[in-house]
Amino acid sequence: RTPRDMVIHRSKNKANKCVSSLRKNDQVFLKRSNGLWTCAVIAERALQPTDGENSRWYAKHEIDQETMELEESMLFATNENGATKVLRKKHWGRFVRPMQMDDGNKQ
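Here the residue numbering is sequential within each chain, running from 1 through the sequence in written order. The model is predicted, so local features are restricted to residues of pLDDT at least 70 and side-chain atom pairs to those at 80 or more, both for listing and for counting; the totals for chains, interfaces and linings are taken over all residues. As a rule here, side-chain values come from all non-hydrogen atoms in the structure, and water together with hydrogens is ignored.

*Asks:* When you look at the overall build of the protein chain in this model, what are you seeing that I'm missing?
*Replies:* Counting its secondary structure elements, the protein chain contains 2 helices and 5 strands. Only DSSP runs of H or I with at least four residues qualify as helices, and only runs of E with at least two residues qualify as strands; both kinds are numbered from the N terminus onward. Along its sequence from the N terminus, the protein chain presents helices and strands in the succession α-β-β-β-β-α-β. On C-alpha atoms alone, the protein chain measures out to a radius of gyration of 14 Å, which is about the 13 Å that the 2.2 N^0.38 rule sets for 107 residues. Note on exposure labels: buried denotes an accessible area under 20% of the residue type's maximum, exposed denotes more than 50%, and partly exposed covers the range between, all computed with a 1.4 Å probe on protein chains only. Residue burial in the protein chain is summarised as follows: out of 107 residues, 31% are buried. Sequence-distant contacts, at least 24 apart, represent 54% of the contacts inside the protein chain between residues at least 6 apart. Per element, the accessible surface of the protein chain, about 7100 Å² overall, is 45% carbon and sulfur. Taken over C-alpha atoms, the radius of gyration is set against a globule rule of 2.2 Å times the number of residues to the power 0.38. In what follows, a contact means two residues having at least one pair of non-hydrogen atoms within 4.5 Å. Note that accessible areas follow from Shrake-Rupley with a 1.4 Å probe, and for residues the cover is restricted to the protein chains shown.

*Asks:* Honestly, the nonpolar core in this entry has me stumped. Any pointers?
*Replies:* Across soluble globular proteins, nonpolar side chains have a tendency to be buried as a group. Residues enter a nonpolar core if they are buried and are Ala, Val, Leu, Ile, Met, Phe, Trp, Tyr or Cys, with the set joined through side-chain atoms within 4.5 Å. In terms of nonpolar packing, the biggest core is built from 12 residues, these being V19, L22, V28, L30, A40, I42, M74, F76, L87, W92, F95 and V96. Only β1 (27-31), β2 (37-49), β3 (70-77) and α2 (92-95) provide two or more residues apiece to this core. Excluding residues within four positions of it along the chain, M74 makes contact with V19, L22, I42, E44, R45, W57, K85, V86, L87 and W92.

*Asks:* Any chance you could explain the pattern of salt bridges here in plain terms?
*Replies:* Opposite charge on two side chains makes pairing possible when the charged atoms of those side chains draw close. By definition here, a salt bridge exists when the distance from a side-chain nitrogen of Lys or Arg to a carboxyl oxygen of Asp or Glu is within 4 Å. Within this structure, the stated rule accounts for 4 salt bridges. In this structure, E44 and K24 form a salt bridge, with 3.5 Å as the shortest nitrogen-oxygen distance. With E44 in strand β2 and K24 in the loop between α1 (12-20) and β1, this residue pair connects regions lying 20 residues apart in the sequence. With its nearest N and O atoms 2.7 Å apart, the salt bridge here joins E72 to R45. Within this pair, whereas E72 is found in strand β3, its partner R45 is found in strand β2, the two being separated by 27 residues in sequence. When salt bridges that share partners are traced, they join R45, E72 and K89 into one network.

*Asks:* When you look at the pairing of β2 in this model, what are you seeing that I'm missing?
*Replies:* A regular strand carries its side chains on alternate faces of the sheet. With 5 bridges connecting them, β1 and β2 associate as antiparallel partners. Note on β2: the bridge partner recorded for F29 is C39. A loop of 5 residues connects β1 with β2, the two strands running antiparallel in sequence, and G35 in this loop sits at a positive phi of about 90 degrees. DSSP bridges decide pairing: two strands pair if at least two such bridges lie between them. The pairing of β2 with β3 spans 8 bridges and is classified as antiparallel. Bridged to R45 within β3 is M74.

*Asks:* Whenever I open this one, the pairing of strand β4 (residues 84-88) confuses me. Can you help?
*Replies:* Here β3 runs beside β4; their pairing, made up of 5 bridges, is antiparallel. Looking across to β4, one finds that A77 is bridged to T84. If you look at the hairpin formed by β3 and β4, you'll find 6 residues sitting between the two strands, and G82 has a positive phi there, around 95 degrees.

Right under this line is the structure:
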């Protein structure tokens, strides 16, 4: 895949809406901390604590919805070696881009 396969929206609202429709196992472009866009796969999508470690994915049994403030988040697999990245919903529109399928449609 190349950056030409990236779906780009001009408005932040439209970008957020598009990313919100993505599901587990969808392929995306993910903006890394070095500024480069790389291919990734959505490994998981769930509510995660907002006051926890940003880079850590919490298992369901570790989350107490009664006492923790939660935000929808995505866990991305970034390579074959098991490297991952966690992004909260407030960052999706800026750091995640859907990938176009071979027929030109958004995944």
